[in-house]
Amino acid sequence: MVVIAICLLLVCLPGVSVAKSFKYTYRNVTFTCKVTDRGVSITSFTPNVDNVVVPAKVSDGGENYNVWEVNTFVNGNNYLTQTLVLEEGIEEIARSAFIEFRLLKSVTLPTSIKRVGKNAFRINDGMAFKLPASLDEAVLRRREEYDPAKAERLLAEQKADDEARKADEARKAEEAKKKEEARLLAEAQKEADRKAEEARKAEEAKKKEEARLLAQAQKDETRKAEEARKAEEAKKKEEARLLALAQKEEARKAEEARKEEARKAEEARKAEEARKAEEARLLAEARQAEERKAEEARLAAEKAEQARLLAQRKRAEEEARVIFDVDQNIPVSGNYNADTYCVIIANEKYRNTNIEDVEYASNDGKMFEQYCISTLGIPEQQIRMYINATTGVMEDAIGWLSSSARANSGNARLIFYYAGHGMPSESDRRAYLLPSDASLSSQRAWIPLYEIYNELGSIQAKSVTVMLDACFSGTKRGTDENLVAARGVAMRVKEEELSGKLVVFSAASGDEMAHAFRKRNHGMFTYFLLNQLAKTKGGATYGELFEGIKAGVAKYSWNENEKIQTPSVSTSPEMRDIWKQLKF
């Protein structure tokens, strides 16, 4: 009675409204409907029906309502429903709405659903959901709340936090980079000062040694002059003494009787003979001394010539050891690179008669392929080799590398090797590769190097290595002659930014030319690449490989052509600190 009185009081009090509820039957199922400000909320329905379709529209007393929510939770009310379908138009499912549906096996939700409350469904064995694409089934199975607006807000907050974190990491990386650059600069200055001090000390030691030798030579010269003077004085004294004796003897003989005159004449004759004999002896000794000096000079000259020939033979042996025929000495190693894929493009001959051939490019590509198979252990079916490739063939080859990487789920190592003409564009000062069907009058068939870098940099792989035996100054291999006659000087192209896991080895730097090594029928860069692979049997790190290539190319490009050629390495930021430790 008290409850009835309170209800009557609430109805009678002014300004107090009671939510309207009514029953609505749809497809043999009776639904309890509660009218709210947004429309109707279904609070329960017949519990013993197997298949239930919840309507999106209901009516009562001739008035129609839209169903916006299903909120059927009643603790202890065990529904027998097995198949549940919510019609299009229903927007929300309340918290724990179907938690008491213990036999439910199939649920179909409309695309209009905007929110699903926590613990909305009991997850029964074998239960299946048919959901719109925007709704994550895992969220329902974890019985979590589904609220896109709330999730979007949290995602925005997370994105802001990530951007702040990345900015801080970038700042720290830049600070570390500047510290490293300052350290390297200080070390370089210290090394330069050390070398300058060593050069100064060496120069002082050299001057001291020269002064010592000069003083010793002057001392020897003075000693010899003094000895000659003393010998001359002794000779004159002896002559004076003999003359005095002769005069004394003549005086004595003059005093004697004339009978002694014949004896004196005989003695004078004997004295003259003795003098001549002494002069002959002294002359013979002088001649022997001169002959001895001449023999010593001859022996010294022979020794110097032998030393020169020995040094020349050693230089020849050293050059023969370093510069050998890489085409005939391909080592077979125990390497096996089952995850490596390689594209080799060697463009030697061009269809356009205005474009000169590239010396030895075909041999470069063929021999690099042999080293890939025998020395690096790359399976032959994972190598694509193209001689005089057209634009389409080159684009397909790069696409094949990308497909190979995807097939290996990011675990592949990729190699792209190119020997042929490179070309700078006067319009954008960027580098291009020239396919065999290219024309100098039109850039339509040229392949931009930055596009190759971008595509290879976007590939998910362990590493991507690019080898370019080409220059991009606009000159022909091994000459000063420009490919485009109208261009007066070689052009320096701008450097491209690399991404991903790229390491790029280039045959020359800036506006330098890439030369041929005519003694070995190869490009200078490719020869020393193969030379290093042969000497190390493919076991060199990228750092060791580059140092060997750089030293060999720098020396022999000058010895053979009197031209400077400086190979270079460029890397993406991700590979900057680790590229030297990489191996093929």
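What you see is a predicted model, and the numbers here were worked out from it, not measured in a lab.

1. Here we look at the sheet that holds strand 4 (residues 51-54)
Alright, step 1. Read across the sheet, four strands follow the order 4-7-9-11 without closing on themselves; strand pairing throughout is parallel. Edge strands, defined here as strands with exactly one partner in the open sheet, are strand 4 and strand 11 (128-130). In this sheet, neighbouring strand axes are inclined to one another by 10° on average, regardless of whether the strands run parallel or antiparallel.

2. Description of the confidence of the model for the protein
Regions with low pLDDT should not have their predicted coordinates read in detail.
Alright, step 1. Per-residue confidence for the protein averages 88 on the pLDDT scale, and 91% of its residues sit at or above 70.
Alright, step 2. Averaged pLDDT values for the elements of the protein fall to 43 in helix 1 (residues 2-12) and rise to 98 in strand 12 (residues 340-346).
Alright, step 3. Low pLDDT (under 50) marks residues 1-17, which in the prediction has one contact with non-local residues, meaning those over four places away or in another chain.
Alright, step 4. In this model residues 484-490 is a low-confidence stretch, pLDDT under 50, and it forms 13 contacts with partners more than four residues away in sequence or in other chains.

3. A few points about helix 9 (residues 542-561)
Alright, step 1. With 20 residues, helix 9 should reach 28 Å at 1.5 Å per residue; the first-to-last C-alpha distance of 27 Å fits that figure.
Alright, step 2. Of all the residues in helix 9, the buried ones are Y542, G543, L545, F546, G548, I549, G552, V553, Y556, S557 and N561.
Alright, step 3. Positive phi shows up at E562, right after helix 9, with a value of about 55°.

4. Quick look at the nonpolar core
Alright, step 1. Residues F368, L414, F416, Y418 and L456 are the most contacted members of the largest nonpolar core, which totals 82 residues.
Alright, step 2. No other element matches helix 8 (residues 524-536), which puts eight residues into this core.
Alright, step 3. Aside from chain neighbours lying at most four places away, what touches F416 is V343, I345, I398, L401, L433, L456, T465, V466 and M467.

5. What to know about the sheet that holds strand 22 (residues 568-571)
Alright, step 1. Pairing is mixed in the open sheet, where six strands are placed in the order 13-12-14-18-19-22. Each having just a single partner strand, strand 13 (383-387) and strand 22 make up the two edges of the open sheet. Taken pair by pair, the neighbouring strands of this sheet meet at an average axis angle of 10°, ignoring direction.
Alright, step 2. With five bridges connecting them, strand 18 (residues 463-469) and strand 19 (residues 502-506) associate as parallel partners. The residue bridging V464 from the neighbouring strand is L502, located in strand 19.
Alright, step 3. Docked against the sheet, helix 6 (residues 391-407) engages strand 12, strand 13 and strand 14 (413-419), running at close to 175° with respect to strand 12.
Alright, step 4. Along the sheet face, helix 9 touches strand 18, strand 19 and strand 22 and points at about 15° away from the line of strand 19.

6. With respect to the environment of L401
Alright, step 1. Structurally, L401 can be placed in helix 6.
Alright, step 2. Setting aside anything within four residues of it in sequence, one finds L401 in contact with Y341, C342, V343, L414, I415, F416, L456 and I459.

7. What about the packing of aromatic side chains?
Alright, step 1. Scanning the entire structure with this criterion turns up 22 aromatic pairs.
Alright, step 2. On the basis of an interplanar angle of 65° and a centroid distance of 5.7 Å, the ring pair of Y432 and W446 is categorised as edge-to-face. One end of the pair, Y432, is in strand 16 (residues 431-433); the other, W446, is in the loop between strand 16 and strand 17 (447-448), with 14 residues separating them in the sequence. Of the two residues examined, Y432 and W446, each falls in the buried class.

8. Brief notes about the pairing of strand 6 (residues 63-70)
Alright, step 1. Here strand 3 (residues 39-45) runs beside strand 6; their pairing, made up of three bridges, is parallel. What sits directly across from V40, in strand 6, is V67.
Alright, step 2. As judged from the four bridges shared by strand 5 (residues 57-60) and strand 6, these two strands associate in the antiparallel manner. Considered in strand 6, the bridge of K57 is made with N66.
Alright, step 3. Where strand 5 hands over to strand 6, the hairpin turn is made up of two residues, of which G61 adopts a positive phi near 60°.
Alright, step 4. Sheet topology places strand 6 next to strand 8 (residues 92-93); two bridges connect them, and they run parallel. Paired with V70 across the bridge in strand 8 is I93.

9. Comments concerning the pattern of salt bridges
Side-chain pairs of opposite charge can arise whenever the charged atoms involved come near each other.
Alright, step 1. Taken as a whole and assessed by the stated rule, the structure comprises 43 salt bridges.
Alright, step 2. The shortest N-O distance in the salt bridge between D60 and K20 comes to 3.0 Å. Of this pair, D60 sits in strand 5 while K20 is found in the loop between helix 1 and strand 1 (21-26), placing the two residues 40 residues apart along the sequence.
Alright, step 3. What makes K20 partly exposed here is its relative accessible area of 36%.
Alright, step 4. For E560, the salt bridge goes to K519, with nearest N and O atoms at 3.3 Å. Linking E560 in helix 9 with K519 in the loop between strand 20 (516-517) and strand 21 (522-523), this pair joins segments that are 41 residues apart in sequence.
Alright, step 5. Residue classification places E560 among the partly exposed positions, given a relative accessible area of 31%.
Alright, step 6. A relative accessible area of 55% means that K519 is categorised as exposed.
Alright, step 7. Each of E249, R252, K253, E256, E260, R263 and E267 takes part in one network of salt bridges that share partners.

10. So, the layout of surface pockets
Alright, step 1. In this structure, the largest pocket spans a volume of roughly 880 Å³.
Alright, step 2. Taken together, 26 residues form the lining of the largest pocket, with E238, E239, L242, A271 and R275 sitting closest to its centre.
Alright, step 3. Of all the secondary structure elements, the ones that give two or more residues to the lining of the largest pocket are helix 3 (148-255) and helix 4 (261-322).
Alright, step 4. Broken down by element, the lining of the largest pocket gets its largest block of residues, 15 residues, from helix 3.
Alright, step 5. When the residues that make up the lining of the largest pocket are grouped by side-chain class, the tally is 12 nonpolar, no polar and 14 charged.
Alright, step 6. By volume, the second largest pocket amounts to about 550 Å³.
Alright, step 7. Along the wall of the second largest pocket there are 24 residues; nearest its centre are E495, S506, G510, S568 and S570.
Alright, step 8. Going through the elements one at a time, helix 7 (449-457), strand 19 and strand 22 are the ones with two or more residues in the lining of the second largest pocket.
Alright, step 9. When residues of the lining of the second largest pocket are assigned to their parent elements, the largest contribution, four residues, is made by strand 22.
Alright, step 10. Per-class residue counts for the lining of the second largest pocket are 12 nonpolar, six polar and six charged.

11. Quick look at empty space enclosed by the protein
Alright, step 1. In total, this model carries two cavities of 30 Å³ or more according to the counting rule given.
Alright, step 2. Counted as a void, the second largest cavity has a volume near 40 Å³.
Alright, step 3. Lining the second largest cavity, in full, are T340, R413, L414, I415, S463, T465, Y542, K583 and F584.
Alright, step 4. Listed by contribution, the elements that provide at least two residues to the lining of the second largest cavity are strand 14 and strand 18.
Alright, step 5. Considering each element in turn, the lining of the second largest cavity owes the most residues, three residues, to strand 14.

12. Points about helix 8
Since one α-helical turn is 3.6 residues long, residues separated by three or four positions face the same way.
Alright, step 1. With 13 residues, helix 8 extends 19 Å from end C-alpha to end C-alpha; this agrees with the ideal 18 Å at 1.5 Å per step.
Alright, step 2. Of all the 13 residues making up helix 8, 11 are buried; the element is thus mostly covered by neighbouring parts of the structure.
Alright, step 3. Of the positions making up helix 8, those classed as buried are M524, F525, T526, Y527, F528, L529, L530, N531, Q532, L533 and A534.
Alright, step 4. Directly beyond the C-terminal end of helix 8, a positive phi value near 50° is found at K537.

Quick notes on the rules
- Residues numbered from 1 in each chain as written.
- Predicted model: local features only at pLDDT ≥ 70, side-chain atom pairs only at ≥ 80, totals over all residues.
- Heavy atoms only, no water.
- Pairing = 2+ DSSP bridges.
- Helix = DSSP H or I, 4+ residues; strand = E, 2+ residues; numbered from the N terminus.
- Axes fitted to C-alpha atoms, helices over the stretch in contact; angles between N-to-C directions.
- pLDDT = per-residue confidence, 0-100.
- Contact = heavy atoms within 4.5 Å.
- Expected span 1.5 Å × (residues − 1).
- Buried < 20%, exposed > 50% of the residue type's maximum accessible area, 1.4 Å probe, protein only.
- Core = buried A, V, L, I, M, F, W, Y, C linked by side-chain atoms within 4.5 Å.
- Phe/Tyr/Trp six-rings, centres within 6.5 Å; stacked < 30°, edge-to-face > 60°.
- Salt bridge = Lys/Arg side-chain N within 4 Å of Asp/Glu carboxyl O.
- 1 Å grid on protein atoms, 1.4 Å probe; cavity = no way out; pocket = protein on both sides within 12 Å on 5 of 7 lines; lining within 4 Å.
- Points joined across faces, edges and corners; volume = space filled by probe spheres on them.
- Nonpolar A, V, L, I, M, F, W, Y, C, P; charged D, E, K, R; others polar.

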